[in-house]
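# Examination of the molecular architecture
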Amino acid sequence: MTYYQELLQSCPPPPSGSPFGKKQDGYDARLVQAKLLSELMRRRRPFCFLRMGDMELAYLLAQQEQRLDGIDFRDGPTSGTQAYTNPGLSADRAERLRTAYEEANYVDFHEGNWPNEHLVSKLTLKRAPDSHRNATKETSLVFLTWTETEFKQYCSDRRIGFAGAEARLLELLSQTPAFARAAAAYWPENAEVFYHQVRNDGRDLDANLDMVKQDLRQFVKAHEIDTLFLSLGGGAKILGYELSRELGICCFDFGAMIRALTYSGCDGNRMARSPHSPFLFRIPFGIYMEALEKAMPNLAPAELLAKAHGQLLLELMKKEIGWTSVSWEFDFSEENVSAFRNAFQEYRKRYRKLFGSSSATKVERAGFLHFCGTHKLTLEGELFLMAFRGKGLIRRCVPRFLSRRVVLGKRRGLASNSAA
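Anyway, here's the lowdown on the structure attached to this text. (Residues numbered from 1 in each chain as written. Predicted model: local features only at pLDDT ≥ 70, side-chain atom pairs only at ≥ 80, totals over all residues. Heavy atoms only, no water.)

### Examining the pairing of strand 8 (residues 250-253)
Side chains on a regular strand alternate between the two faces of the sheet. The condition is simple: Accessible area is worked out with a 1.4 Å probe on protein chains only. A residue is then buried under 20% of its type maximum, exposed over 50%, and partly exposed in between. What counts as a helix is a DSSP run of H or I of at least four residues, what counts as a strand is a run of E of at least two, and both are numbered from the N terminus. Between any two strands, pairing holds if DSSP finds at least two bridges. Note on handedness: a crossover is taken as right-handed if, strands pointing away from the viewer, the path from the first strand over the helix to the second is clockwise.
Burial along strand 8 is two-sided: the face carrying Cys250 and Phe252 and the face carrying Cys251 and Asp253 are both buried. Pairing geometry for strand 1 (residues 47-51) and strand 8, over three bridges, is parallel. Bridged to cysteine 48 within strand 8 is cysteine 251. Examined bridge by bridge, strand 7 (residues 227-231) and strand 8 share four bridges and lie parallel to one another. Along strand 8, the bridge assignment pairs leucine 228 with cysteine 251. Where the polypeptide runs from strand 7 across helix 11 (residues 233-247) and back to strand 8, its parallel neighbour, the crossover connection is right-handed.

What follows is the structure in structure tokens.
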């Protein structure tokens, strides 16, 4: 069991069944908090807004308890049906991360996220006296409400930058008519927008952290960016804080909201599903995958299939505008299933040639077919699941049958010897 799993087991189960609770709980208070955050972002330079994700919280608690050797920071497996995440930081980054949280202008401790509600009190931080934070559990997770209600107005007439593993994808999607229609209520019309795809598409973040920082410094200076929206896991906390101070700008720990703007089922730097998915609007599967292939042309066939499968499963997730759902919260509503089936037809046309192209694609495809069969979404999925279960039955029964044959044979042999 990992240290993170130990922490989760120490928490009582979430009362609503969902780790993020319900959007309407505390919504009015979050609206007020979102307006306050916008005012602070307009008035103060430098300014840094950070969020305490459950993985970063576990990381800092591990540092306190000298358990950082149990923290995983690798890029993770390839799986379009299974979720995976970690802060992306090795133990060497602990002091920089702690400093960022202690000195940032505003920290949202995310008590609205089930583990944080029970674990934040265990964390010791020496916050600056003039700093801000969410006052209550109800005013946490403000980045969801802020993006829904404040982002568009705040960004108007500003020079803003998006940096992350999904930045190039967002740039390409933002040029499509489908995005313009879907994002009209949220996307700033009068902003000057710039995009920076972080090196190596965000992979090997820990090893590349300071080179990524230098790249970001040059990006901000070259475009005279006023506000940087940074989506880079645990690295966004460190670099957002440090760059805000060094360059005198506003840095916003944007995190998963770049996936809401791109309607992405997987983190840009990973080949597995995201652990949670904020929702604002849908992007059609074909348009999304066309942009993804251009943004990340070097994906291996199995990686591309995993991204496609993550996107298909995103169609089936529980959705509420301005809120987020964790990876296992599916909603097989008529609307979601219809969107899945439309996307599935496009998926078969685009990627059929990859299904059996390597052992890795076969494994990835099998995981997807198993999911489809389990939830009766496609005929081929149901046939796959029947064959899978049939093979399992044979594997269980044949050894028993052979064992019985051996025992029976021995008994007959004994009986023959006795008769002789």
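### With respect to the pairing of strand 10 (residues 276-279)
Burial along strand 10 is two-sided: the face carrying His276 and Pro278 and the face carrying Ser277 and Phe279 are both buried. Relative to strand 11 (residues 323-326), strand 10 is paired through four bridges, and the arrangement is antiparallel. Across the sheet, the residue bridging to serine 277 is serine 325, located in strand 11.

### What about the sheet that holds strand 6 (residues 192-197)?
The criterion, for reference: It only takes one pair of heavy atoms within 4.5 Å for two residues to be counted as in contact. An axis is simply a line fitted to the C-alpha atoms; with a helix, the fit covers only the stretch in contact. Between two such axes, the angle follows the N-to-C directions and lies from 0 to 180 degrees.
Taken in spatial order, the seven strands make up an open sheet running 4-3-1-8-7-5-6, and their pairing is parallel. The outermost strands of the open sheet, each flanked by one partner alone, are strand 4 (132-133) and strand 6. Packing against the sheet, helix 11 makes contact with strand 1, strand 7 and strand 8, and its axis sits at approximately 165 degrees to strand 1.

### Side note on the environment of glutamate 189
With respect to the element layout, glutamate 189 can be found in the loop between helix 9 (177-182) and strand 6. Counting along the chain gives 64 residues from glutamate 189 to aspartate 253, while the straight-line C-alpha distance between them is 22 Å.

### Topic: a nonpolar patch on the surface
Our working definition: Patches here are clusters of residues that have more than 30% relative accessible area and form no salt bridge, with a 9 Å joining cutoff for like charges and a 5 Å cutoff for nonpolar side chains (Val, Leu, Ile, Met, Phe, Trp, Tyr). Computed with the Shrake-Rupley method and a 1.4 Å probe, the accessible areas treat only the protein chains shown as cover for residues. Whenever Lys or Arg places a side-chain nitrogen within 4 Å of a carboxyl oxygen from Asp or Glu, that contact is recorded as a salt bridge.
A contiguous nonpolar surface patch, about 350 Å² in accessible area, is contributed by Leu379, Leu383 and Met386. Following the sequence through the fold, leucine 383 ends up in helix 17 (residues 379-419). Look at leucine 383 and you get partly exposed, because its relative accessible area is 48%.

### Re the nonpolar core
Note the cut-off: The criterion is simple. A nonpolar core is a set of buried Ala, Val, Leu, Ile, Met, Phe, Trp, Tyr and Cys residues joined through side-chain atoms within 4.5 Å.
By size, the foremost hydrophobic cluster in this structure holds 72 residues, and its most contacted members are Phe162, Phe229, Tyr347 and Tyr351. Residues in contact with phenylalanine 162, not counting those within four places in the same chain, are Phe151, Ala167, Leu170, Trp187, Val193, Phe194, Tyr195, His196, Phe219, Phe229, Phe254 and Leu261.

### Considering the side chain of lysine 23
Going by this rule: Here a polar contact is taken to be a pair of N or O atoms separated by no more than 3.5 Å, where protein atoms must pair a possible hydrogen donor with a possible acceptor and residues adjacent in sequence count only if both atoms sit in side chains.
You can see lysine 23 is positioned in the loop between helix 1 (3-9) and helix 2 (27-43). A polar atom in the side chain of lysine 23 sits 2.5 Å from the backbone oxygen of isoleucine 321. Aside from chain neighbours lying at most four places away, what touches lysine 23 is Arg30, Glu148, Glu320, Ile321, Gly322 and Trp323.

### Regarding the pattern of salt bridges
The tally for this structure, following the rule as stated, stands at 32 salt bridges. The salt bridge partner of arginine 133 is glutamate 111, with a shortest N-O separation of 2.6 Å. Highlighted residues: arginine 133 in strand 4 and glutamate 111 in the loop between strand 3 (106-108) and helix 5 (114-119), separated in sequence by 22 residues. Relative accessible area serves as the criterion here: at 11%, glutamate 111 is assigned to the buried category. Glutamate 171 is the salt-bridge partner of arginine 168, the closest N and O atoms lying 3.1 Å from each other. Remark: glutamate 171 and arginine 168 occur in helix 8 (residues 167-173); sequence separation between them is three residues, near one turn of the helix. Given a relative accessible area of 31%, arginine 168 falls into the partly exposed group. If you follow the salt bridges from partner to partner, you end up with Arg93, Arg96, Asp206, Asp210, Lys213, Arg217, Glu242 and Glu246 in one network.

Just geometry here; none of it tells us what the structure is for.
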